[in-house]
Amino acid sequence: DCNSRSLLHAPSLPSNITGLDLSFNSLVVPRHGTLLMHFPSLHSLNLSSNALLALSPAVFSNLRALRLLDLCSCSITSLHMDAFEGLGSLHTLLLRNNSLQDLEVPFLLPLKALFHLDLRHNALVSVDTWSLQLMEAVPQVQLEGNPWVCNCTAHPLQQWLQHRQAMQVTCALPPRLRGREVAALDSQDLGCWIKRRFPREDSTAQQITVTHSNTTTPPTGKGGRSWPYLVGFLVAAIGISILIALAAKCKLFHKNFASYRHRPLPETSSIRGSPMEDSSSWNRGSSGQGVCESHPMPGAADLQAEDDDGFIEDNYI
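What counts as what
Residues numbered from 1 in each chain as written. Predicted model: local features only at pLDDT ≥ 70, side-chain atom pairs only at ≥ 80, totals over all residues. Heavy atoms only, no water. Helix = DSSP H or I, 4+ residues; strand = E, 2+ residues; numbered from the N terminus. Buried < 20%, exposed > 50% of the residue type's maximum accessible area, 1.4 Å probe, protein only. Contact = heavy atoms within 4.5 Å. Areas by Shrake-Rupley, 256 points an atom, 1.4 Å probe, with all protein chains shown as cover. UniProt positions renumbered as here; feature names shortened; annotations may be inferred. Salt bridge = Lys/Arg side-chain N within 4 Å of Asp/Glu carboxyl O. Lys, Arg positive; Asp, Glu negative; His and termini not counted. Phe/Tyr/Trp six-rings, centres within 6.5 Å; stacked < 30°, edge-to-face > 60°. Core = buried A, V, L, I, M, F, W, Y, C linked by side-chain atoms within 4.5 Å.

### Focus on the overall build of the chain
Phase 1: Looking only at helices and strands, one finds six helices and ten strands in the chain.
Phase 2: Residues classed as buried in the chain amount to 30% of the 317 residues present.
Phase 3: In the chain, once contacts between residues fewer than 6 apart in sequence are set aside, the share between residues at least 24 apart is 50%.
Phase 4: With the model as given, the accessible surface of the chain reaches about 20,700 Å², and the carbon-plus-sulfur share is 56%.

### A look at the side chain of Asn-46
Phase 1: With respect to the helices and strands, Asn-46 occurs in strand β2 (residues 44-46).
Phase 2: For Asn-46, a relative accessible area of 18% gives the class buried.
Phase 3: Sequence-distant contacts of Asn-46, defined by excluding residues within four places in its chain, comprise Leu-20, Asp-21, Leu-22, Ser-23 and Asp-70.

### Side note on the UniProt feature "transmembrane region" (unreviewed entry) in the chain
Phase 1: In this structure's numbering, the residues bearing the UniProt feature "transmembrane region" (unreviewed entry) are residues 227-248.
Phase 2: This span, residues 227-248, is 100% helix and 0% strand, and a straight line between its end C-alpha atoms measures 32 Å.

### Some remarks on the pattern of salt bridges
Phase 1: Tallied over the full model, the rule gives four salt bridges.
Phase 2: The salt bridge partner of Asp-118 is Arg-96, with a shortest N-O separation of 2.6 Å. Of this pair, Asp-118 sits in strand β7 (residues 116-118) while Arg-96 sits in the loop between β6 (92-94) and β7, and the two are 22 residues apart along the sequence.
Phase 3: Overall, the relative accessible area of 24% leaves Arg-96 in the partly exposed class.
Phase 4: Here Glu-136 ties to Arg-164 by a salt bridge, and the two come within 4.0 Å at their closest N and O atoms. Remark: Arg-164 occurs in helix α2 (residues 155-164) and Glu-136 occurs in the loop between α1 (129-135) and β8 (140-142); sequence separation between them is 28 residues.

### Looking at the side chain of Asp-21
Phase 1: Relative to the assigned elements, Asp-21 resides in strand β1 (residues 19-21).
Phase 2: The side chain of Asp-21 sits in the buried core without any salt bridge; Arg-5 is the nearest counter-charge, 9.2 Å away.

### Topic: the environment of Ala-184
Phase 1: In this structure, Ala-184 sits in the loop between β10 (171-173) and α3 (187-190).
Phase 2: C-alpha of Ala-184 to C-alpha of Gln-168: the two residues are 16 residues apart in sequence and 10.0 Å apart in space.

### Focus on the packing of aromatic side chains
Phase 1: Under the definition given, this model contains two aromatic pairs.
Phase 2: Residues Phe-60 and Phe-84 carry aromatic rings whose centres are separated by 6.5 Å and whose planes lie at 5° to one another, so their mutual orientation is stacked. Placement of the pair is Phe-60 in the loop between β3 (54-55) and β4 (68-70) and Phe-84 in the loop between β5 (78-79) and β6, with a sequence separation of 24 residues. Of the two residues, Phe-60 and Phe-84, both sit in the buried class.
Phase 3: By way of ring pairs, the aromatic residues Phe-60, Phe-84 and Phe-107 are connected into one cluster.

### A closer look at the nonpolar core
Phase 1: Leu-45, Phe-60, Leu-69, Leu-71, Phe-84 and Leu-93 are the most contacted members of the largest nonpolar core, which has 60 residues in total.
Phase 2: Looking at this core, the elements with two or more residues in it are α1 and α2.
Phase 3: With three residues, α2 is the largest single contributor of residues to this core.
Phase 4: Beyond its immediate sequence surroundings of up to four residues, Leu-69 is in contact with Leu-45, Leu-47, Phe-60, Phe-84, Leu-87, Leu-90, Thr-92, Leu-93 and Leu-94.

Printed below as a string of structure tokens:
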């Protein structure tokens, strides 16, 4: 027990000790090399309430047997991705009451045996999806007391907390959600709304999952699925145009065919002359197709009433 001794460096102690308390001192973390050189059998290390500020890479790499590391209240502002390299046997990591604003995603990778992670009362406002996936392998994670911002970026955290049934993590911002439990919120509270494609059938807002900017999946473009509709529209337009053209040509064909099925006009010497020759002349003009029915001969008065200019309209003329 070496707490509250105003130590700047680790004291000279037997190398076979398994527990060491160096809390409430003024230890200086080396920029290169390890903090404790000669304690390979150490199982428990308490460094709480030392102004460590930052941890250099592999600062604990020689403590292969360490199972508990207490770094509470050390004013730590950031964690290097290799800060805990070599701690493959670490069971409990306590980082409570520090000033961590974000988490380097790979810092958990060397901690294969980690069971308890305490991140309470730091300055965390959000956490990315990859960090949540890594923390999923840790059975006990404490995130209470951080100033979480409960907007749409907190949606992955909200789902993660619901899955783990962690109900003590509360919002700090925005003011309308201050003090509300993150796990008890829904996508509507977080402002994550998008419109469905068929709003008439279902007007409920659809939830979306927000991923970090380092997500490897590229965003889908808006025009990625529009080309089949364009091709279908062009094919339909061409087909309709062809049908219209065929219908027009058939109509014109029938019109011309009907105009050539004519009969000779009655032969008269004048408009006001005597009636035509007998109806046999009608039979002669029927192109040998049997005896035509006799038709009454129109008089001059009728012809004059039908057309004042003396001409009879016909499609052939």
